[in-house]
Amino acid sequence: MNKRKVINAVIMTLSTLSALLGLIFLFWILWTLFSKGINAMGINIFIYDTAPPGVKETGLRNALVGHLLLVMVACLIGIPFGIMAGTYLSEFGKNSKYANFIRDLSDVMMSAPSIVIGAFVYAILVNPVGHFSGWAGAVALAIMMIPIVLRTTDDMLSLVPQTLREAAYALGAPKYKVTMQVVYRGAKVGMVTGILLAIARIAGETAPLLFTSFNNNFFSTDLNQAMASLTVTMFNFATSPYEDWIDLGWAAAFILGAFVLFVNIVGRVIIKKRGRN
Amino acid sequence: MAVLCEVREPKEIDIQNFSFYYAGSEKPALKSISMPVAKNRVTALIGPSGCGKSTLLRSLNRIHDLYPGNRYEGKIMFKGQNILDKKIDLIALRIKIGMIFQKPTPFPMSIFDNVAYGLRLQGIRNKSELQDRVEDALKGAALWNEVKDRLKDDANALSGGQQQRLCIARAVAVKPKVLLFDEPTSALDPISTQAVEELVIDLKEQMTIVIVTHNMQQAARVSDYTAFMYLGELIELGETEEFFINPKVKLSEEYITGKFG
């Protein structure tokens, strides 16, 4: 065998092994989550709230509902802001200095540590009010969401061919109609995907919620009060010494993992479909 | 100076001493062009790449205004008004002067909605009126028989030639006075090209047509008048047959005989 073929074989083996190693960890995580989580799952998870250790009737209802509420409110704030800002950048600001400055700023925000965002929201929404609240948690998540939605909206809108805009203007359409009726439609799939990935991204966050929505052992839908979430509950329970709390922590991890996996898969399927068209 | 032939028909558009500067450029892309556009006739703009024929066409509905910094000088008279006037209503202008692009530009919506788009912009909401006018436009663009059973389908599912005829139907639906074609067949196969060329000839009954083309045979086939441009200047405007057989300017002759391109 000549030298070239040997080198080729060695490199290929090494890279295949590295890829396998990465995959092993992914499946290990999924398997651990699944095996530990599925044992802890049961109807009780959905009908009972978190209870002190030793109480039989315990579950995650408060954390589940709280988490959904936090994520929903974050979406209601973050998605419109992100889409509007992204639309500004792509359709109005274009390559102006100001628009590029906002793009850079948004990129910096995207990589800001989430705990810093939590601390910021604590300073503006928790400290002045004097208590933790669901609103603060949702705002912290929304702040994390905006740069992601902004970026994908900006990218997807700028992929819409310029001739499509010109064609709409040539029919006598005003700018806002060109943007809303033609450009948005052309970029719809990409924008939806970006939103889904942003949701998946914030749904698993703990740090921004620690000092904002904090936690609540009781069922509550009042966003003015502290609110339970799956991630903070998981953090508290998994680090506790009590067996039944640790089990609940695994259940929370399982639900979160499944949710994020599901949203990611949906997002990716949409991207694939678009690629084929 | 350009050599212009006598235009017998009324002038739908009259371009007078028109110059155009792209943003940030001191050099004009078009240099004091003057020419009439005959009503209900097809005027072809020909010339080598970069001669300014598309730039001139795109000035006629002021699509250049989408990009800041572009500058016009001179006058383009249409219906007694200078369309370069700052006060002109661009939306009203573009309804009267429609445009077809090089690549088909179907909107990401159904075939029906594509054709109805311009009509809806004008506030037509009545369902039966919309239906009638969409049908008329599609018939006018020789597309009706191919799509009448799938008006709800996505317009992107049509073939390239069908998409271009759809764009023509969409432009025709709002009944413009002038229709501008910017190399409408350069992305199409020969059969679709023929269909579009036949359409151009049919449409001049109802409207004035200006067509930019790379293809001299196409200009000869479809147009009544041909304008030859070179390096941002108009060299010659002639009646098409006369122009191709007996051009008045040496440069025009060299171009049509293929001495340069």
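Residues numbered from 1 in each chain as written. Chains lettered and ligands numbered in written order. Predicted model: local features only at pLDDT ≥ 70, side-chain atom pairs only at ≥ 80, totals over all residues. Heavy atoms only, no water.

Enquirer: I'd like to hear about the nonpolar core, residue by residue, with values.
Expert: The nonpolar side chains of a soluble globular protein tend to be buried with one another. By size, the foremost hydrophobic cluster in this structure holds 84 residues, and its most contacted members are Ile15, Phe18, Met35 and Phe107 of chain B. Here this core takes 12 residues from helix 6 (residues 134-159) of chain A, the largest share from any one element. Sequence-distant contacts of Phe18 of chain B, that is, excluding residues within four places in its chain, are made with Leu30, Lys31, Ser32, Ile33, Leu56, Ser59, Tyr72, Glu73, Gly74, Lys75, Ile76 and Leu84 of chain B. Membership of the second largest hydrophobic core comes to 47 residues, among which are Ala141, Ala169, Val174 and Leu203 of chain B. (Core = buried A, V, L, I, M, F, W, Y, C linked by side-chain atoms within 4.5 Å. Buried < 20%, exposed > 50% of the residue type's maximum accessible area, 1.4 Å probe, protein only. Helix = DSSP H or I, 4+ residues; strand = E, 2+ residues; numbered from the N terminus. Contact = heavy atoms within 4.5 Å.)

Enquirer: I'd like to hear about the pattern of salt bridges, residue by residue, with values.
Expert: Residues and elements named next belong to chain A. Within this structure, the stated rule accounts for 19 salt bridges over all chains. A salt bridge links Glu91 to Arg165, with the shortest nitrogen-to-oxygen separation between them at 2.8 Å. Taken together, the residues span a long stretch of sequence, with Glu91 in helix 3 (residues 61-93) and Arg165 in helix 7 (residues 162-170) at a distance of 74 residues. Each member of the pair, Glu91 as well as Arg165, is classed as buried. The partner of Arg151 in a salt bridge is Asp155, and the shortest N-O contact between them spans 3.7 Å. Of this pair, Arg151 and Asp155 both sit in helix 6, 4 residues apart, which is roughly one turn of the helix. Its relative accessible area of 26% is what places Arg151 among the partly exposed residues. (Salt bridge = Lys/Arg side-chain N within 4 Å of Asp/Glu carboxyl O.)

Enquirer: Describe the sheet that holds strand 6 (residues 81-82) of chain B, listing the residues and the values that go with them.
Expert: Residue and element names in this part refer to chain B. Read from one edge to the other, the open sheet built from 4 strands follows the order 3-2-5-6, with strand pairing classed as antiparallel. Looking at the sheet topology across the chains shown, the edges are occupied by strand 3 (30-38) and strand 6. Pairing between strand 2 (residues 11-21) and strand 5 (residues 71-78): 7 bridges, direction antiparallel. When the bridges of strand 5 are listed, Ile13 appears paired with Phe78. (Pairing = 2+ DSSP bridges.)

Enquirer: Give a detailed account of the interface of chain B and chain A, specifying residues and quantitative values.
Expert: Between chain B and chain A, the contact holds 21 residues from the first and 19 residues from the second. Both sides of the chain B and chain A interface together cover about 1800 Å² of buried area, and 68% of this is carbon and sulfur. It is Pro108, Tyr117 and Leu121 of chain B in chain B that bury the most area against chain A; as a group they hold 29% of the surface buried on that side. Summed over the shared surface of chain B and chain A, the number is 1 salt bridge. The closest approach of N and O atoms between Arg58 of chain B and Glu166 of chain A, which form a salt bridge, is 2.8 Å. (Buried area = accessible area lost by both parts, 1.4 Å probe.)

Enquirer: Describe the packing of aromatic side chains, and please don't skip the residues or the numbers.
Expert: Residues and elements named next belong to chain A. Throughout the structure, instances matching the rule amount to 17 aromatic pairs over all chains. Measuring from centroid to centroid gives 5.9 Å for Phe25 and Trp28, while their planes differ by 20 degrees, and the two rings are stacked. With Phe25 and Trp28 both in helix 1 (residues 3-40), this residue pair falls 3 residues apart, about one helical turn. Consider the rings of Trp31 and Phe34, whose centres lie 6.1 Å apart with planes at 35 degrees: the pair is tilted. Taken together, the positions of Trp31 and Phe34, both in helix 1 and 3 residues apart, correspond to about one turn of that helix. Residue classification places Phe34 among the partly exposed positions, given a relative accessible area of 39%. Each residue in the set Tyr122, Phe132, Phe211 and Phe214 is aromatic and connected to the rest through ring pairs, giving one cluster. A cation over a ring is seen here: Arg61 above Phe219, with NZ or CZ 4.1 Å from the ring centre. (Phe/Tyr/Trp six-rings, centres within 6.5 Å; stacked < 30°, edge-to-face > 60°. Lys NZ or Arg CZ within 6 Å of the ring centre and 35° of its normal.)

Enquirer: Which residues make up the packing of helix 3 (residues 111-121) of chain B against helix 4 (residues 127-140) of chain B, and what values go with them?
Expert: All names here are of chain B. Relative orientation of the contacting elements helix 3 and helix 4 amounts to 115 degrees, with a least axis distance of 9 Å. With respect to their mutual orientation, helix 3 and helix 4 come out roughly perpendicular. The hand of the helix 3/helix 4 crossing is right-handed. Facing Phe112, Val115, Ala116, Leu119 and Arg120 of helix 3, the residues of helix 4 in contact are Leu130, Gln131, Arg133, Val134, Ala137 and Leu138. Counted by class, the contact of helix 3 with helix 4 contains 8 nonpolar, 1 polar and 2 charged residues. (Axes fitted to C-alpha atoms, helices over the stretch in contact; angles between N-to-C directions. Parallel < 35°, antiparallel > 145°, perpendicular 65-115°, else oblique. Left-handed = near helix turned anticlockwise from the far one by under 90°. Nonpolar A, V, L, I, M, F, W, Y, C, P; charged D, E, K, R; others polar.)

Enquirer: Please give an account of the sheet that holds strand 11 (residues 233-239) of chain B that cites residues and values.
Expert: All names here are of chain B. Here we have 7 strands laid out as an open sheet, ordered 1-11-10-4-9-8-7, and mixed in their pairing. Strands with a single pairing partner mark the edges of an open sheet, and in this sheet they are strand 1 (3-4) and strand 7 (97-100). Of the strand pairs in this sheet, strand 1 and strand 11 are connected by 2 bridges, and their pairing is parallel. By the bridge assignment, Val3 is partnered in strand 11 with Glu236. Here helix 7 (residues 190-203) sits on the sheet in contact with strand 4 (42-46), strand 8 (178-182) and strand 9 (208-212), set at roughly 160 degrees to strand 8.

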